[in-house]
Amino acid sequence: MKLNELTAHEILKGMSEKCINPADVYRSVREAIKTHDPKIHAYVHHEDDGIAFDEKKFGRFPIPIAIKDNICIKNYPTTCASHILQGFRPPYDATVIKKLREAGLIFLGHANMDEFAFGSSTESSYFGVTRNPWKLDCVPGGSSGGSAAAVAANEAIWALGSDTGGSIRQPASFCGVVGLKPTYGRVSRYGLIAFASSLDQIGPITKDIEDNALLLNLIAGHDEMDSTSADIPVPDFTHALTKDVKDLKIAIPKEYFVEGIDEEVKTSIFDAIELLKAKGAQFKEISMPHTAYAVATYYILATAEASSNLARFDGVQYGLRAQPSQQRRTPIIDLYEETRHQGFGAEAKRRIMLGTYSLSSGYYDAYYLKAQKVRTLIKQDFDEAFKSFDAIITPTAPTTAFKLGEKTSDPLSMYLSDIYTISVNLAGVPAISLPCGFAKNGLPIGLQIIGKPFDEEMLFRIGHAYEQATEWHKKRVSL
Amino acid sequence: MITKKDVQYIAHLSRIHLTDEETEKLTTTLEDILGYIEKLNTLDVSTVKPTSHVLPLQNVFRRDLPRPSLSQADAIKSAPESHKGSFKVPQVIE
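If you're wondering where the values come from, they're calculated on a predicted model, not measured in any experiment.

(A) Region of interest: the overall build of chain A. Check the secondary structure of chain A and you find 14 helices and 11 strands. Dimensions of chain A, computed from the C-alpha atoms along their principal axes, are close to 70 × 55 × 45 Å. Split into buried and exposed, the 479 residues of chain A put 68% on the buried side. Accessible surface, chain A as shown: approximately 15700 Å² in total, 49% of it carbon and sulfur. Between the averaged position of the 52 positive side-chain charges in chain A and that of its 58 negative side-chain charges there is a distance of 0 Å.

This is the structure we're talking about:
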């Protein structure tokens, strides 16, 4: 196996046995970027440009990592794959970046994404699409499509993504890698350019469960700079890899297996369930009656929060500035309106408009407040399930990766591709996607495991036990 | 029912200039999306409390200690236009 195809735990083991030099790993990953990224386009900024490493000063974890383009790296282009942030170089590091620097990680660059994380396919990026490494005419998923594709194409050993409605898990599923959305509050959001502040979480994208636990160890924890980060102890997540699932109680929500799901996806999920049963886990079908309302609820709440968060992009403090050729209103209003006209893409405009509408006078109660109430009901479905179960298992997405361009003209069908991941963000619970098979078309299928708040250990435990008995996570793409 | 006039009004609230073509298109897509969202009306939520945030957090304080902050130079470094350490904007008050 080539060095860039290894997992971080294999690299770290090789380093301790003195048979792997991290500088060679780094070179091998850089070489893969040079060779494959012109066709994959996982990265939007990957020049060395001051974030290269010093070979003589390796830290504890000299693992090459890709960072989603919405996580601030000091003095490095950080653009949310948007025209409006053109030229922006943050004056500070996000907390997760600070932590990774201290651990000695090597930053490869910023990975492509849907503009401001608005999308499920990475097609709304200002910089152009990312292609699925398993099938180049398919999307990598989104919005962290660049991060997932980079890991799948062996153009990074690890990646960080962010997940507001499935943006880590769905691309992980489409690209055949492992992606975790931690519990809301587990990882600091300081320096993550905000989309929907009550839903956003940063999380790890890796080739297997053990690597995912290792990377979560490095980024988790309370942070004074994020008042919503939880002040509770962080365990060593690798201790959860016990290989044992005996007598665990796992729920299968029937609402996740109704219309719209591919037969092949369904079969793979039930094969995984049979395998875990054989290892001693107990399964039971349950009902989560408000599942069908999650997408509608999400598209009110997430866009409302986004419309407010994106008000800061106005051509004054950073990024693009534009002025119309003829005066329309006052000079300052013209500056705002023209900058945002030129700076935002179609999906960003659509979401800001939808959010502004549901917050506007006369519609607040009918839309925003109503959605907040339905959010309570969705959360109660999870609270109820976790009274009797240790975890919930579902597919990550109803289908495998779809074709480039297939859903771009129909926003609603794009929104519905997140149907299995969105409730998790509304409830604030953690969930992981891991590969559980391949469809006949050669594309990976993802299994989603959902846990109780702050019980990421359970997800790793079940996921790791599953990996012990399967080979899906060892499959590497040939490009 | 969303009209073109509604879209123009929301665009102004959002401080986004739209071309006629964009206005036209958004009128249709917003109508579609809001139509889908209508399904929430089939639920009775009259007795349900709203959730704005999943964590049981209220008024998080940190100690009020002085510490270094961004320098003025760093703060305006990415500004498209600046003047003597300030962000520069077109005339606001006539």
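Having seen the model, we can carry on.
(B) Structural context of the nonpolar core. Within the largest apolar cluster, 176 residues are counted, with the highest numbers of intra-cluster contacts made by L100, F116, W158, L160, F382 and F460 of chain A. Element by element, the count of residues in this core is highest for helix α8 (residues 294–309) of chain A, at 10 residues. Among the nonpolar cores identified, the runner-up in size contains five residues, and Y184, A230 and F454 of chain A together with V54 of chain B belong to it.

(C) Spatial organisation of the interface of chain A and chain B. Each partner contributes residues to the interface: chain A has 64 residues there, and chain B has 54 residues. Together, R321, M353 and K370 of chain A form the three largest contributors to the area buried by chain A at its contact with chain B, with a combined 12%. Between chain A and chain B we count three salt bridges in total. The shortest N-O distance in the salt bridge between E224 of chain A and R67 of chain B comes to 3.4 Å.

(D) Broad picture of a nonpolar patch on the surface. Among the surface-exposed residues, V89, V92 and I93 of chain B lie close enough to one another that they form a single nonpolar patch of about 290 Å² accessible area. Relative to the assigned elements, I93 of chain B resides in the segment after β2 (86–87).

(E) Quick peek at helix α1 (residues 8–16) of chain A. All names here are of chain A. Listed in full, the buried residues belonging to α1 are A8, H9, I11, L12 and G14. In this structure, the buried side of α1 is in contact with α2 (22–40), β4 (158–163) and α6 (209–219). Remark: K18 follows α1 within two positions and exhibits a positive phi of approximately 60°.

(F) Quick peek at the layout of surface pockets. Put simply, the largest pocket is a space of about 540 Å³. Surrounding the largest pocket, 26 residues form its lining, C72, Y92, G191, R312 and Y318 of chain A being those nearest its centre.

(G) A look at the pairing of strand β11 (residues 444–451) of chain A. Residues and elements named next belong to chain A. Burial of β11 is extensive: eight of the eight residues sit out of reach of the surface. Neither face of β11 is left uncovered, since the one carrying P444, G446, Q448 and I450 and the one carrying I445, L447, I449 and G451 both have all their residues buried. Where strand β9 (residues 391–395) lies against β11, five bridges are found, and the strand directions are antiparallel. Directly across from P395, in β11, lies its bridge partner L447. Of the pairings in the sheet, the one linking strand β10 (residues 431–438) to β11 comprises seven bridges and is antiparallel in character. Within β11, the residue paired with I432 across the bridge is I449. Where β10 hands over to β11, the hairpin turn is made up of five residues, of which G442 adopts a positive phi near 90°.

(H) Quick peek at empty space enclosed by the protein. Residue and element names in this part refer to chain A. For the coordinates displayed, the defined rule picks out three cavities of 30 Å³ or more. As for the largest cavity, its lining consists of 13 residues, and the residues nearest its centre are G176, V177, K207, K475 and R476. Of the residues belonging to the lining of the largest cavity, the class tally is seven nonpolar, three polar and three charged. In this structure, the second largest cavity encloses a volume near 60 Å³. Of the residues belonging to the lining of the second largest cavity, the class tally is four nonpolar, five polar and two charged.

(I) Here's a closer look at the pattern of salt bridges. As enumerated under the stated definition, the model contains 21 salt bridges over all chains in all. Between K440 of chain A and E264 of chain A there is a salt bridge whose closest N-O contact spans 3.8 Å. Remark: E264 of chain A occurs in helix α7 (residues 263–278) and K440 of chain A occurs in the loop between β10 and β11; sequence separation between them is 176 residues. K440 of chain A sits in the exposed class, given a relative accessible area of 78%. For the salt bridge of E22 of chain B with K349 of chain A, the shortest nitrogen-to-oxygen distance reads 2.6 Å. Remark: K349 of chain A occurs in helix α10 (residues 346–359) and E22 of chain B occurs in helix α2 (residues 20–37); the pair is interchain, linking two chains. Classification of E22 of chain B by relative accessible area gives partly exposed; the value is 22%.

Calculation rules
- Residues numbered from 1 in each chain as written.
- Chains lettered and ligands numbered in written order.
- Predicted model: local features only at pLDDT ≥ 70, side-chain atom pairs only at ≥ 80, totals over all residues.
- Heavy atoms only, no water.
- Helix = DSSP H or I, 4+ residues; strand = E, 2+ residues; numbered from the N terminus.
- Buried < 20%, exposed > 50% of the residue type's maximum accessible area, 1.4 Å probe, protein only.
- Areas by Shrake-Rupley, 256 points an atom, 1.4 Å probe, with all protein chains shown as cover.
- Lys, Arg positive; Asp, Glu negative; His and termini not counted.
- Charge placed at Lys NZ, Arg CZ, Asp CG, Glu CD.
- Core = buried A, V, L, I, M, F, W, Y, C linked by side-chain atoms within 4.5 Å.
- Contact = heavy atoms within 4.5 Å.
- Buried area = accessible area lost by both parts, 1.4 Å probe.
- Salt bridge = Lys/Arg side-chain N within 4 Å of Asp/Glu carboxyl O.
- Patch = residues over 30% accessible without salt bridge, like charges linked within 9 Å, V, L, I, M, F, W, Y side chains within 5 Å.
- 1 Å grid on protein atoms, 1.4 Å probe; cavity = no way out; pocket = protein on both sides within 12 Å on 5 of 7 lines; lining within 4 Å.
- Points joined across faces, edges and corners; volume = space filled by probe spheres on them.
- Pairing = 2+ DSSP bridges.
- Nonpolar A, V, L, I, M, F, W, Y, C, P; charged D, E, K, R; others polar.

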